[in-house]
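Architecture and fold: a report
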Amino acid sequence: MPSAPAGTLYRGREGMWSWVAHRVTGVLIFFFLLVHVLDTALVRVSPEAYNAVIGTYQTPIMGLGEAGLVAAIVFHAFNGIRIILVDFWAKGPRYQRTMLWIVVGLFVVTMAGFLPRHLMNVFGGGH
């Protein structure tokens, strides 16, 4: 079996994991938006069905899902800015790893600000 030329395969470095995470978060956000449009459209079909569906969203499991959605959006947004800089800034490729760690730092700070309050509301401590 011939071996691949050096440097052509991902080897699990930061760039590969950033690429995978960006695609996964994009797909998750897409499916959320699809479900959101469909459940919102229920209000025109049957307000009672809409209220029943919305009622099921007010559970701790869905609250954790909301936290996951926010995490996906925050990472996808910050990483998208990094990708734009890598693509359109002449020095972007040279600093892509550093920018990824900046994305991770911004993600952690943003989520640290969001999660405590959100989780207090989800689990009843925020009323």
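Residues numbered from 1 in each chain as written. Predicted model: local features only at pLDDT ≥ 70, side-chain atom pairs only at ≥ 80, totals over all residues. Heavy atoms only, no water.

Digging into the UniProt feature "binding site: heme" (unreviewed entry) in the protein chain
- Under the feature "binding site: heme" (unreviewed entry), the UniProt entry names His76.
- Since its relative accessible area comes to 23%, histidine 76 is described here as partly exposed. (UniProt positions renumbered as here; feature names shortened; annotations may be inferred. Buried < 20%, exposed > 50% of the residue type's maximum accessible area, 1.4 Å probe, protein only.)

Here's the deal with the packing of helix H1 (residues 14–45) against helix H4 (residues 96–122)
- Packing of H1 against H4 brings their axes to within 10 Å, and their N-to-C directions diverge by 50 degrees. When the axes of H1 and H4 are compared, the pair comes out oblique. The handedness of the crossing between H1 and H4 comes out as left-handed. Mapping the contact onto sequence places Glu14, Gly15 and Ser18 in H1 and Gln96, Arg97, Leu100 and Trp101 in H4. (Axes fitted to C-alpha atoms, helices over the stretch in contact; angles between N-to-C directions. Helix = DSSP H or I, 4+ residues; strand = E, 2+ residues; numbered from the N terminus. Parallel < 35°, antiparallel > 145°, perpendicular 65-115°, else oblique. Left-handed = near helix turned anticlockwise from the far one by under 90°. Contact = heavy atoms within 4.5 Å.)

A closer look at H4
- Its 27 residues give H4 an end-to-end C-alpha distance of 36 Å, which sits within 8% of 39 Å, the value for a rise of 1.5 Å per residue.
- At leucine 115, H4 shows its largest bend, some 30 degrees, and a proline, proline 116, comes one to four positions later.
- Taken residue by residue, H4 has Met99, Leu100, Val103, Met111, His118 and Val122 as its buried positions.
- Contacts from the buried residues of H4 go to H1 and helix H3 (60–88).
- At the C-terminal side of H4, glycine 124 shows a positive phi close to 90 degrees. (Expected span 1.5 Å × (residues − 1). Bend = angle between axes of the 7 residues up to and from the residue.)

A word on the side chain of threonine 25
- If you trace the backbone, threonine 25 turns up in helix H1.
- Given a relative accessible area of 10%, threonine 25 falls into the buried group.
- Of note is the side chain of threonine 25, whose polar atom sits 2.9 Å from the backbone oxygen of alanine 21.
- Discounting chain neighbours no more than four positions away, the residues touching threonine 25 are Ala72, Phe75 and His76. (Polar contact = N/O pair within 3.5 Å; in protein donor to acceptor, adjacent residues only side chain to side chain.)

Observations concerning the UniProt feature "transmembrane region" (unreviewed entry) in the protein chain
- Per the UniProt record, the feature "transmembrane region" (unreviewed entry) sits at residues 20–38, 67–86 and 98–115.
- Annotation note: span residues 20–38, helix share 100%, strand share 0%, distance between end C-alpha atoms 27 Å.
- Between the C-alpha atoms that bound residues 67–86 there is a distance of 28 Å. The span itself is 100% helix and 0% strand.

What about the packing of H1 against helix H2 (residues 47–56)?
- Where H1 contacts H2, the axes come no closer than 6 Å and their chain directions differ by 150 degrees. Classified by the angle between their axes, H1 and H2 sit roughly antiparallel to one another. Of H2, the residues touching H1 (which contributes Asp39, Thr40, Leu42, Val43 and Val45) are Pro47, Ala49, Tyr50 and Val53.
- Split by residue class, the contact of H1 with H2 holds 7 nonpolar, 1 polar and 1 charged. (Nonpolar A, V, L, I, M, F, W, Y, C, P; charged D, E, K, R; others polar.)

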